[in-house]
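Residue-level structure breakdown
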Amino acid sequence: GEDVEQSLFLSVREGDSSVINCTYTDSSSTYLYWYKQEPGAGLQLLTYIFSNMDMKQDQRLTVLLNKKDKHLSLRIADTQTGDSAIYFCAESIVAGTNSGYALNFGKGTSLLVTP
Amino acid sequence: DVKVTQSSRYLVKRTGEKVFLECVQDMDHENMFWYRQDPGLGLRLIYFSYDVKMKEKGDIPEGYSVSREKKERFSLILESASTNQTSMYLCASRTGLATEAFFGQGTRLTVV
């Protein structure tokens, strides 16, 4: 599929806020997702946002969606060393000859949190 | 607790071998997926299936095939393994369009 774009690296100090940005491709995506991958592990869903929302807050996480620009961001408040991981943005897309639905992922942003 | 289980965490195979990667989910999900993950390339979709005996090609199906004989099991097959198929393979399942995908722990395959 087409590329979902993310910056590859982000480094922040413990206690600061982190903002990870993503540009997605399919304006008809109903849901947009943020996944987290810790070293040696599979992906875990962090949060998601429905396309008719422009903001979702969940404890330290804030997701902002700009549908016009197809831009999604994830803000982590009070970032901790345990937040160090790879963060993937994903969109739900129509794929295959029979119009099945798959998730199209960005390349992932490696977040490094330093003490 | 929902679970997607991949049969091996680590595999080492020789060039030319036929390799089977197995994935089982216990959530009665219709949709199952195989991705490969490579540094700097993110997750790329190999194949997916939205029903038993149904399969769809993803972005990089060349060199791979799949089998879904039962709803809970989705197998990825490397007919003749090559060194450029050395990668982390991730299986996922989900129930529908608007739901999260659950991932297995991944299989790190090395082809020598």
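Everything that follows concerns the structure shown earlier in this document.
As a starting point, this report considers the structure included with it. (Residues numbered from 1 in each chain as written. Chains lettered and ligands numbered in written order. Predicted model: local features only at pLDDT ≥ 70, side-chain atom pairs only at ≥ 80, totals over all residues. Heavy atoms only, no water.)

1. Section: the overall build of chain A
In terms of regular secondary structure, chain A is built from zero helices and eleven strands. The linear arrangement of helices and strands in chain A, starting from the amino end, is β-β-β-β-β-β-β-β-β-β-β. A globule of 115 residues ought to have a C-alpha radius of gyration of about 13 Å, and chain A, at 14 Å, matches this closely. Counting the 115 residues in chain A, one finds 45% classified as buried. When contacts within chain A are restricted to residue pairs at least 6 apart in sequence, those whose partners lie at least 24 apart make up 56%. Accessible surface, chain A: about 5,600 Å² in total, of which carbon and sulfur atoms supply 48%. Measuring between centres, the 9 positive side-chain charges of chain A sit 2 Å from its 13 negative side-chain charges. (Helix = DSSP H or I, 4+ residues; strand = E, 2+ residues; numbered from the N terminus. Rg over C-alpha atoms; globule rule 2.2 N^0.38 Å. Buried < 20%, exposed > 50% of the residue type's maximum accessible area, 1.4 Å probe, protein only. Contact = heavy atoms within 4.5 Å. Areas by Shrake-Rupley, 256 points an atom, 1.4 Å probe, with all protein chains shown as cover. Lys, Arg positive; Asp, Glu negative; His and termini not counted. Charge placed at Lys NZ, Arg CZ, Asp CG, Glu CD.)

2. Some remarks on the pattern of salt bridges
Any two side chains of opposite charge can pair, so long as their charged atoms come close to each other. According to the stated counting rule, one finds nine salt bridges over all chains in the structure shown. Through salt bridges with shared partners, a single network forms among R36, D38 and R44 of chain B. (Salt bridge = Lys/Arg side-chain N within 4 Å of Asp/Glu carboxyl O.)

3. Some thoughts on the sheet that holds strand β7 (residues 64-70) of chain B
All names here are of chain B. Pairing within the open sheet is antiparallel, and its four strands lie in the order β1-β3-β8-β7. The open sheet has two free edges, formed respectively by β1 (4-6) and β7, since each of these has just one partner strand. Pairwise comparison of adjacent strand axes, ignoring direction, gives a mean angle of 20 degrees for this sheet. Looking at chain direction, β7 and strand β8 (residues 73-78) are connected through five bridges and run antiparallel. Paired with S67 across the two strands is S75, which belongs to β8. (Pairing = 2+ DSSP bridges. Axes fitted to C-alpha atoms, helices over the stretch in contact; angles between N-to-C directions.)

4. Considering the sheet that holds strand β1 (residues 5-6) of chain A
Adjacent strands of a sheet form backbone hydrogen bonds with each other and so pair up, either parallel or antiparallel. Residues and elements named next belong to chain A. Spatial ordering of the open sheet is given by β1-β3-β8-β7-β6, a layout of five strands whose pairing is antiparallel. The sheet is open, and its two borders are formed by β1 and β6 (55-58), each paired with just one other strand. Where β6 lies against strand β7 (residues 61-66), four bridges are found, and the strand directions are antiparallel. The residue bridging K56 from the neighbouring strand is V63, located in β7.

5. Considerations on the state of the cysteines
All names here are of chain A. Under the definition given, this model contains two disulfides over all chains. Across the disulfide from C22 sits C89; the S-S distance is 1.9 Å. Here the disulfide of C22 and C89 is left-handed, its torsion about the S-S bond being about -60 degrees. Placement of the pair is C22 in strand β3 (residues 18-23) and C89 in strand β9 (residues 85-95), with a sequence separation of 67 residues. Accessibility assignment for this pair places C22 and C89 in one class, buried. (Disulfide = S-S within 2.5 Å.)

That is the geometry; function is a separate question.
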